[in-house]
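Topology and contacts: notes
Residue strings, one per chain:
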Amino acid sequence: MAYLGPRLGRLRIFLPGVTVFRLLATVGMDDMGLAMSLSPLERLDFDNVALKKLPLDSSEEPGVRQVKGACFSRVKPQPLTKPRFVAVSHEALALLGLNGEEVMDDPLGPEYLSGSRVMPGSEPAAHCYCGHQFGQFAGQLGDGAACYLGEVKVPPGQDPELLRENPSGRWEIQVKGAGLTPYSRQADGRKVLRSSIREFLCSEVMFFLGVPTTRAGSIVTSDSRVIRDVYYSGHPRHERCSVVLRIAPTFLRFGSFEIFKQADEHTGRQGPSYGRDEIRGQMMDYVIEMFYPEIQQNYPDRVERNVAFFREVMRRTARLVAQWQCVGFCHGVLNTDNMSILGLTLDYGPYGFMDRFDPDFICNASDNSGRYSYQAQPAICRWNLVKLAEALAPELPPDQAEAVMDEYLDLYNGFYLENMRKKLGLLKKDEPEDEMLITELLQTMHNTGADFTNTFRSLSQVSCPTEGESEGEEDLVKKTTDLLVEQCATLEELKSANKPTMDPRELAMLLSMAQSNPALFQMISDRGTIARQLDRLSKLKDLMEISQEELKTKQAEEWTGWITRYRKRLALELEGQSDVQAVQEERVRVMDSTNPRVILRNYIAQNAIEAAENGDFSEVQRVLKVLQKPFSSQPGLELPAWVGGGEGTGQAERDEGEEQQQEAASTSTARNPVPYDSKPPAWAREICVT
């Protein structure tokens, strides 16, 4: 039967109090009779290989339970009341062969993409995995809110670049927030608008920044509500249940292989499938055959194959964390259950893009020890890889795994330096001094409180030295110094940033305890936390003794020194080059396509969240549009939609009787607007993400 388009091919009837039905359409050929007119979502071609190749839980009993000897459990997503779209990513949906406009026009689209209605060929299931959380083995975790819907075959003509690291020929799709599973523990399996918008937007901006990531196809919200205590302050409120459609080659993770772990010596917990070593081998076969076919083909010896597989996972992980560091991204919860077996950014929770550069930046307010701080991420990813190696033994011999891990640091440093050289426009030569130049840049940024993203973006405006410019060199350096000082923190901002987070009396008590009772001290704190508090106190004391003008002069001096050294290094780029102008133009082009103009800062996400909670989804759609071109200036999209009557990128939806839910913060429209590419406003410091 020919499909005649979204308007002609489908007849819809809306009856009061009755679910939407699709009517049968007569095709005009008597021998064919009646046929169902299927929507694009209903025509998705599912091939759910994971459920065929990996053990499936034989029990379908509802409720939380230990799942032994299985990688997946069948589940029944819980329908939402009046589901409706907040936004869709046309680019992500195109991975499935879907047209975003057709999906949004489909009256059943929100039901299908929230799990409220099951698409033909979909087989809802939840994945069983374990994990080390904040360094401690937590036992069985699993998909407590996410629901595997199935694997959609790649449509014909898909961009080969998108499939370069997805050779399986399928995209796994899942909905996050679709209700209870056997792995929900004490939770309800639901997500709300706040977390859903943050995951949706960051999944997409990471892709457009060029960072390996899972994707997000849509957000659906509803009239179903759950109670959440946003700030864990004892003031819970009702929030709308919302669901994100997530897309990836697979959502298998390091923790997927930890279900076989023996009883942990510290926590006493063990994996639910301890002793089922045959399943470990089955999982490794599946992952390598599906997602690493070249390794499967090139290594007929099983042990050599497994070592090559682990080395590739290690390489991808090193590359990924290097990319995070170079865009100032902090994941926030780098537990082993949040690490992708494909080297993708996975599970967007309390993440944050760094504003003012601080190597100790902690984006997760629950991370009191700083275990997952910005500067700790490379080492934590290595620690997680070691735990993966332990989980793969004996399929992966420990001595060979250790030899692979010895390569990690050099690989990470190589990826990091390669990215940083592009960010600084050092393209023609690799000089030994480059590492020191980068280190001095970061130290200068830290000392001056410079904005990470905007400082790197500004560096393309630092000119290369040319012959005969010596007379005007001082003016050129001053001009670029002034530009960079604009991105530095004010005295009040630095005072606020360096204010200790620990009560002075508590700090004094812990310092005393560290001397008098070290064993007790180690149980309730750690030396790193105390050192950070003391460092803040020291910096705050210095800041109290200078004025804003003195600070600005000091910042200018530091930047003048670094810019002078940077321009000397840029001069080496021009040596032996016949077309100096072409070299300079290429440098600017590479830098401006490597250093983003705009990122998903917390305040940008917060503005979109607050608008959406009040029923206006246009800011979510507008921010998505801005983030799809993070390296470019987009005239007309410099400010939020609500500023000066600016138009949103989509139809705003106002819910009748929508509750005002902004007790803890003033609404975005009451704040002084700032452009998307600016430093964060003062109120952004109050945002707390846990």
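All of these numbers come straight from a predicted model, not from anything done at the bench. (Residues numbered from 1 in each chain as written. Predicted model: local features only at pLDDT ≥ 70, side-chain atom pairs only at ≥ 80, totals over all residues. Heavy atoms only, no water.)

Considering the overall build of the protein
Keep this limit in mind: Helix and strand assignments follow DSSP, with helices taken as H or I runs no shorter than four residues and strands as E runs no shorter than two, numbered in order from the N terminus. This radius of gyration counts C-alpha atoms alone. The globule rule is 2.2 Å times how many residues there are, raised to the power 0.38. Note on areas: these come from Shrake-Rupley sampling with a 1.4 Å probe, and a residue is covered only by the protein chains present in the view. His is not counted here, nor are the chain ends, while Lys and Arg score as positive and Asp and Glu score as negative. One atom stands in for each charge, and that atom is NZ of Lys, CZ of Arg, CG of Asp or CD of Glu.
Secondary structure assignment for the protein yields 22 helices and 16 strands. What you see for the protein is a C-alpha radius of gyration of 27 Å, in line with the 26 Å of a compact globule of 690 residues. With the principal axes as the frame, the protein shows a C-alpha extent of 90 × 60 × 60 Å. Just so you have it, the protein exposes about 30300 Å², and 51% of that area is on carbon and sulfur atoms. A distance of 3 Å separates the average location of the 77 positive side-chain charges in the protein from that of its 99 negative side-chain charges.

Describing helix α14 (residues 473-485)
Quick note on the threshold: Helix span, expected: 1.5 Å multiplied by one less than the number of residues in the helix. Accessibility here uses a 1.4 Å probe with only protein chains present; expressed as a share of the type maximum, an area under 20% marks a residue as buried, one over 50% as exposed, and anything in between as partly exposed. Here, the arc refers to the directions that run from the helix axis to the C-beta atoms. The criterion used for residue contact is that any of the two residues' heavy atoms lie within 4.5 Å.
The first and last C-alpha atoms of α14 sit 18 Å apart over 13 residues, in line with the 18 Å expected at 1.5 Å per residue. Of the residues making up α14, those classed as buried are Val477, Thr480, Thr481, Leu484 and Val485. Considered in projection along α14, the buried side chains sweep an arc of 140° and stay on one side of the axis. Turned more than 90 degrees away from the buried face of α14 sit Asp475, Lys478 and Lys479, all of them exposed. For α14, the secondary structure elements touched by its buried residues are α13 (452-458) and α19 (548-574).

Considering the nonpolar core
Defined as follows: Nine residue types can take part in a nonpolar core, namely buried Ala, Val, Leu, Ile, Met, Phe, Trp, Tyr and Cys, and a core is a set of them joined through side-chain atoms within 4.5 Å.
Grouped together as the largest cluster of nonpolar side chains are 170 residues, with contacts concentrated most on Met206, Phe310, Phe353, Leu424, Trp559, Leu600 and Val620. Those residues in contact with Leu424 that lie beyond four places of it in its chain are Leu437, Ile438, Leu441, Phe456, Leu459, Trp562, Tyr566, Leu570, Arg587 and Met591. Leu510, Met513, Ala514 and Phe521 belong to the second-largest nonpolar core, a separate cluster that totals seven residues.

Considering the pattern of salt bridges
Think of it this way: side chains of opposite charge can pair up when their charged atoms draw near. Cut-off, in case you're wondering: One speaks of a salt bridge when a side-chain nitrogen belonging to Lys or Arg is within 4 Å of a carboxyl oxygen belonging to Asp or Glu.
Under the defined criterion, the tally for this structure stands at 44 salt bridges. Here Asp347 makes a salt bridge to Arg246, at a shortest N to O gap of 2.8 Å. Separated by 101 residues along the polypeptide, Asp347 in the loop between β15 (329-330) and β16 (352-353) and Arg246 in strand β14 (residues 237-248) bring together distant segments of the chain. You'll find Asp347 and Arg246 in the same group, each marked buried.

Things to note about a nonpolar patch on the surface
For the record, the criterion: Residues forming no salt bridge and having over 30% relative accessible area are the ones grouped into patches, like charges within 9 Å of each other and nonpolar side chains (Val, Leu, Ile, Met, Phe, Trp, Tyr) within 5 Å.
Residues Leu511, Leu534 and Leu537 make up a contiguous nonpolar surface patch of roughly 220 Å² in combined accessible area. Relative to the assigned elements, Leu511 resides in helix α16 (residues 504-516). Judged by relative accessible area, Leu511 falls into the partly exposed class, the value being 34%.

A short note on the packing of aromatic side chains
The condition that has to hold: When the centres of two rings from Phe, Tyr and Trp lie within 6.5 Å, Trp using its six-membered ring, the rings pair. Their planes under 30 degrees apart give stacked, over 60 give edge-to-face, and anything left gives tilted. Charges are assigned to positions over rings by a cutoff of 6 Å between ring centre and Lys NZ or Arg CZ, combined with an angular limit of 35 degrees from the ring normal.
For the structure on display, the rule yields 17 aromatic pairs. Three or more aromatic residues link up through ring pairs in this structure, and these residues are Trp324, Phe329, Tyr348, Tyr351 and Phe353. Taking NZ or CZ as reference, Arg215 lies 3.7 Å from the ring centre of Phe207, over its face. We note Lys261 situated over the ring of Phe137; from NZ or CZ to the ring centre the distance is 5.4 Å.

Some words on the environment of Val205
Checked against the element boundaries, Val205 lands in helix α5 (residues 193-208). In this structure, the C-alpha to C-alpha distance between Val205 and His238, residues 33 residues apart in sequence, is 29 Å. Not counting residues within four places of it along the chain, the set of residues in contact with Val205 comprises Phe353, Leu600 and Leu627.

A word on unusual backbone geometry
In this chain, Ala393 is followed by Pro394 through a cis amide linkage whose omega measures 5°. Relative to the elements of secondary structure, Pro394 occurs in the loop between α9 (377-392) and α10 (398-405). Even without being glycine, Phe134 reaches a positive phi, approximately 50°. Mapped onto the elements of the fold, Phe134 is located in the loop between β8 (130-133) and β9 (136-140).

Things to note about the state of the cysteines
Our working rule: Disulfide assignment relies on a single distance test, namely cysteine sulfur atoms paired within 2.5 Å.
The final tally for this structure, using the stated rule, is zero disulfides. Free cysteine: Cys128, not disulfide-bonded; nearest cysteine sulfur from Cys130 at 5.9 Å. The class of Cys128 is buried, set by a relative accessible area of 0%. The buried category is assigned to Cys130, whose relative accessible area is 0%.

Section: the confidence of the model for the protein
This is how it is decided: What pLDDT reports is the predictor's confidence in each residue, on a scale of 0 through 100.
Of the residues in the protein, 90% reach a pLDDT of 70 or more, and the chain-wide mean stands at 90. A low-confidence stretch, residues 1-35 (pLDDT under 50), is modelled with 52 contacts involving residues beyond four sequence positions or located in other chains.

Digging into the side chain of Gln377
Here Gln377 shows up in helix α9. A relative accessible area of 0% places Gln377 in the buried class.

Examining helix α20 (residues 580-592)
Every α-helix carries 3.6 residues per turn, so stepping three or four residues along brings you back to the same face. Between its first and last C-alpha atoms α20 spans 19 Å; for 13 residues at 1.5 Å apiece the expected length is 18 Å, and the two agree. Within the sequence span of α20, burial applies to Val583, Gln584, Arg587, Val590 and Met591. The arc that holds every buried residue of α20, seen down its axis, measures 130°, which confines them to one face. Buried-residue contacts for α20 involve α11 (408-424) and α19.

Considering the environment of Ser256
Worth spelling out the cut-off: Under the rule applied, a polar contact is a pair of N or O atoms within 3.5 Å (in protein, one hydrogen donor and one hydrogen acceptor; residues adjacent in sequence only if both atoms are side-chain atoms).
Mapped onto the secondary structure, Ser256 falls in the loop between β14 and α6 (277-291). Among the residues examined, Ser256 registers a relative accessible area of 0% and is labelled buried. With 204 residues separating them along the chain, Ser256 and Ser460 place their C-alpha atoms 43 Å apart. There is a polar contact of 2.8 Å between the side chain of Ser256 and the side chain of His127.

Notes on the pairing of β9
Selection criterion: Here, any two strands with at least 2 DSSP bridges between them count as paired.
Of all five residues that make up β9, four are buried, and the element is covered over most of its length. Here β8 pairs with β9 via three bridges, running antiparallel. Bridge pairing in β9 places His132 opposite Phe137. Between the antiparallel neighbours β8 and β9 lie two residues, among them Phe134 with a positive phi of about 50°.

Some points on the environment of Asp616
Mapping Asp616 onto the fold places it in the loop between α21 (602-613) and α22 (618-627). For Asp616, a relative accessible area of 14% gives the class buried. Sequence separation between Asp616 and Val154 is 462 residues, and the spatial gap between their C-alpha atoms is 34 Å. Of note is the side chain of Asp616, whose polar atom sits 2.7 Å from the side chain of Ser618.

Quick word on the packing of helix α8 (residues 302-327) against α10
For the record, the criterion: Where helices are involved, their axes are fitted lines through C-alpha atoms of the stretch in contact, as for all axes, and angles between N-to-C directions lie from 0 to 180°. Any angle from 65 to 115 degrees is called roughly perpendicular, while one under 35 is roughly parallel, one over 145 is roughly antiparallel, and all others are oblique. Take the far helix as the reference: if the near one is turned anticlockwise from it by less than a right angle, the crossing is left-handed, and if turned clockwise, right-handed. Residue classes follow a fixed rule: Ala, Val, Leu, Ile, Met, Phe, Trp, Tyr, Cys and Pro count as nonpolar, while Asp, Glu, Lys and Arg count as charged, and any other residue, Gly among them, counts as polar.
Here α8 crosses α10 at 30°, and the two axes come no closer than 10 Å. Overall, the two elements α8 and α10 adopt an arrangement that is roughly parallel. Regarding α8 and α10, the two cross each other, and that crossing is right-handed. Of α10, the residues touching α8 (which contributes Val303, Val307, Phe310, Arg311 and Met314) are Gln400, Ala401, Val404 and Met405. Looking at side-chain class alone, the contact of α8 with α10 contains seven nonpolar, one polar and one charged residues.

Details of the side chain of Arg170
Structurally, Arg170 can be placed in strand β11 (residues 170-176). A residue is classified by how much of its surface remains accessible, and Arg170, at 6% relative accessible area, is buried. Within the local environment of Arg170, its side chain forms a polar contact with the backbone oxygen of Ser168, the two atoms lying 3.0 Å apart. With residues up to four places along the chain from it excluded, the contact list for Arg170 reads Asp47, Val49, Glu151, Val152, Lys153, Val154, Pro249, Tyr286 and Met290.

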